[in-house]
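# Coordinates in review
Take a look at the letters that make up each chain.
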Amino acid sequence: RSAWYANNVVRPTILLVAISWLSFFISRTAVPARVAMTLICYLTLSNLNSMVSASLPKLSYYVRLLGLMTASQGFVFFAILEYA
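Not measured: the values here are computed from a predicted model. (Residues numbered from 1 in each chain as written. Predicted model: local features only at pLDDT ≥ 70, side-chain atom pairs only at ≥ 80, totals over all residues. Heavy atoms only, no water.)

## Here we look at the overall build of the chain
Helix and strand counts for the chain come out as three helices and zero strands. Order of helices (α) and strands (β) in the chain, N terminus to C terminus: α-α-α. In terms of principal-axis extent, the alpha carbons of the chain reach across some 45 × 25 × 15 Å. Total accessible area computed for the chain in this model is approximately 5,700 Å², and 69% of it derives from carbon and sulfur atoms. (Helix = DSSP H or I, 4+ residues; strand = E, 2+ residues; numbered from the N terminus. Areas by Shrake-Rupley, 256 points an atom, 1.4 Å probe, with all protein chains shown as cover.)

What follows is the structure, encoded as structure tokens:
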């Protein structure tokens, strides 16, 4: 089951963070494209985080997968704040 999470959650999460940070290499004049790129990544991560949270049982202890998801959302959110 951990291989499923690695292939369907961890890799896409890392890819989405990388895509959102690639927006810094797009021209400064293309603000709508840059904001849309990071915003789509953030919304996709939010959806992925909800899916993972719904599939895991209710646990009282720290789960590294959820920590990765939260940290990734933070990285993308800070990329969005760069344009504000």
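## Some points on the packing of aromatic side chains
Following the criterion strictly, the structure yields five aromatic pairs and no others. Their ring planes at 85° and their centres at 5.1 Å tell us that Trp 4 and Tyr 5 sit as a pair that is edge-to-face. Accessibility expressed as a relative area gives 39% for Trp 4, which makes it partly exposed. (Phe/Tyr/Trp six-rings, centres within 6.5 Å; stacked < 30°, edge-to-face > 60°. Buried < 20%, exposed > 50% of the residue type's maximum accessible area, 1.4 Å probe, protein only.)

## Let's talk about the nonpolar core
Residues Tyr 5, Val 9, Leu 48, Val 52, Leu 56, Val 63, Leu 65 and Met 69 constitute the largest nonpolar core, which totals eight residues. For this core, the secondary structure elements donating two or more residues are helix 1 (2-22), helix 2 (31-55) and helix 3 (64-81). Counting residues in each nonpolar core, the second largest holds six residues, with Leu 16, Val 17, Leu 45 and Val 76 among its members. (Core = buried A, V, L, I, M, F, W, Y, C linked by side-chain atoms within 4.5 Å.)

## Describing the packing of helix 2 against helix 3
Running from amino to carboxyl end, helix 2 crosses helix 3 at an angle of 165°, the nearest separation of the two axes being 9 Å. It follows that helix 2 is roughly antiparallel to helix 3 by the angle criterion. At the point where helix 2 passes helix 3, the crossing takes the left-handed sense. Mapping the contact onto sequence places Thr 38, Leu 39, Cys 41, Tyr 42, Leu 45, Ser 46, Leu 48, Asn 49, Val 52 and Ser 53 in helix 2 and Leu 65, Leu 66, Met 69, Thr 70, Ser 72, Gln 73, Val 76, Phe 77, Ala 79 and Ile 80 in helix 3. (Axes fitted to C-alpha atoms, helices over the stretch in contact; angles between N-to-C directions. Parallel < 35°, antiparallel > 145°, perpendicular 65-115°, else oblique. Left-handed = near helix turned anticlockwise from the far one by under 90°. Contact = heavy atoms within 4.5 Å.)

On their own, these measurements won't tell you what the molecule is for.
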